[in-house]
Amino acid sequence: MSQPSHTLSPGQERLIIAVDRVIYHLARHWVWLLNGIAALFVVPPLVAPLLAATGHTVAASWIYRFFSLTCHQKPEHSFFIAGHQVAFCQRDTAIYGGLLLFGLLYAVFRHRVRPASLWIGALLAAPMAVDGLTQLVGLRESTPTLRVLTGGLFALGVAWIVFPRLNEGFAEIEAVLRARFDRLAREGRARPLAAPARKDHLG
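Everything numeric here is computed off the predicted structure, so don't read it as measured data.

J.: Would you mind going over unusual backbone geometry in detail, with residue names and values included?
T.: With a phi close to 55 degrees, Gln73 is a non-glycine residue in the positive phi region. Tracing the chain through its elements places Gln73 in the loop between helix H4 (57–67) and strand S1 (78–81). By relative accessible area, which is 16% here, Gln73 ends up buried. Even without a glycine there, the phi angle at Ala82 is positive, about 55 degrees. For Ala82, a relative accessible area of 51% gives the class exposed.

Structure follows, in structure tokens:
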């Protein structure tokens, strides 16, 4: 983190302190920010068919167009709501929905969760790789159940590997900034941080 020096003007020091305060709150609440981003990839694709069914075709078309950037949107590989196609395929729906579900669970139980090894992540991702590749080369045709199951396992692997490691990194950032603000508060140069230190970091 940038440290104010005696060569900084009062305005520059206030700016650095304000930026560090924002970084502190992002580090403290990163999991909810990430869940909010995941929700943006889950809710609109489910809302699109409802918009189309109720005559809001322009809004629906914008959603379909945006999510076509990350998904093939094949009708035969997609769910339908109210007679209209979801904006994600079945596997992508399971992946993003799984990431949101596991993210919400992690936000509640993260003090009990240790990061999975890369080997465990690879094992959880392998079924999706096999299912997708064998379908791609024409050896077989997958099913909605397999697409959802393998997509969900992949999401679990990603969440289990990434979320605890992110938590460790952000906990370190939070601790450094808390120590800095404690020192600045004692020197009368900044307001103390109101929130207590988190106790969910496993170390």
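J.: Describe the nonpolar core, naming the residues involved and giving the relevant values.
T.: By size, the foremost hydrophobic cluster in this structure holds 10 residues: Ala48, Ala52, Ala60, Ile63, Tyr64, Phe67, Cys71, Ala87, Phe88 and Cys89. Those elements giving two or more residues to this core turn out to be helix H3 (43–53), H4 and strand S2 (84–89). Considering each element in turn, this core owes the most residues, four residues, to H4. In contact with Phe88, not counting residues within four places along its chain, are Phe41, Pro45, Phe67, Thr70, Cys71, Ser78, Thr93 and Tyr96. Listed in part, the seven residues of the second largest apolar core include Ile17, Tyr24, Leu177 and Phe181.

J.: Explain the packing of helix H6 (residues 118–136) against helix H7 (residues 144–186) residue by residue, including any values.
T.: With their axes 8 Å apart at the nearest point, H6 and H7 run at an angle of 150 degrees to one another. Of the possible angle classes, the one that applies to H6 and H7 is roughly antiparallel. Considering how the two elements wind past one another, H6 and H7 form a crossing that is left-handed. Contacts from Leu118, Ile120, Gly121, Leu124, Ala125, Pro127, Met128, Asp131 and Gln135 of H6 reach H7 at Leu146, Arg147, Thr150, Gly151, Leu153, Phe154, Leu156, Gly157, Trp160 and Ile161. Of the residues in the contact of H6 with H7, the class split is 12 nonpolar, five polar and two charged.

J.: Break down the pattern of salt bridges for me, with residues and values.
T.: Oppositely charged side chains can form a pair if their charged atoms are brought close together. One pass over the structure, following the stated rule, counts eight salt bridges. Here Arg147 makes a salt bridge to Glu141, at a shortest N to O gap of 3.0 Å. A residue is classified by how much of its surface remains accessible, and Arg147, at 4% relative accessible area, is buried.

J.: Describe helix H1 (residues 10–28), with residues and values.
T.: With 19 residues, H1 extends 27 Å between its outermost C-alpha atoms, agreeing within 8% with the 27 Å of an ideal straight helix rising 1.5 Å per residue. Of the positions making up H1, those classed as buried are Glu13, Ile16, Ile17, Asp20, Arg21, Tyr24, Ala27 and Arg28. Angularly, the buried residues of H1 cover 140 degrees about the axis, an arc narrow enough to put them on a single face. The exposed set on the far side of H1, more than 90 degrees from its buried face, consists of Arg14, Leu15 and Val22. Here the buried face of H1 lies against helix H2 (30–40) and H7.

So, how was this worked out
Residues numbered from 1 in each chain as written. Predicted model: local features only at pLDDT ≥ 70, side-chain atom pairs only at ≥ 80, totals over all residues. Heavy atoms only, no water. Helix = DSSP H or I, 4+ residues; strand = E, 2+ residues; numbered from the N terminus. Buried < 20%, exposed > 50% of the residue type's maximum accessible area, 1.4 Å probe, protein only. Core = buried A, V, L, I, M, F, W, Y, C linked by side-chain atoms within 4.5 Å. Contact = heavy atoms within 4.5 Å. Axes fitted to C-alpha atoms, helices over the stretch in contact; angles between N-to-C directions. Parallel < 35°, antiparallel > 145°, perpendicular 65-115°, else oblique. Left-handed = near helix turned anticlockwise from the far one by under 90°. Nonpolar A, V, L, I, M, F, W, Y, C, P; charged D, E, K, R; others polar. Salt bridge = Lys/Arg side-chain N within 4 Å of Asp/Glu carboxyl O. Expected span 1.5 Å × (residues − 1). Arc of directions from axis to C-beta.

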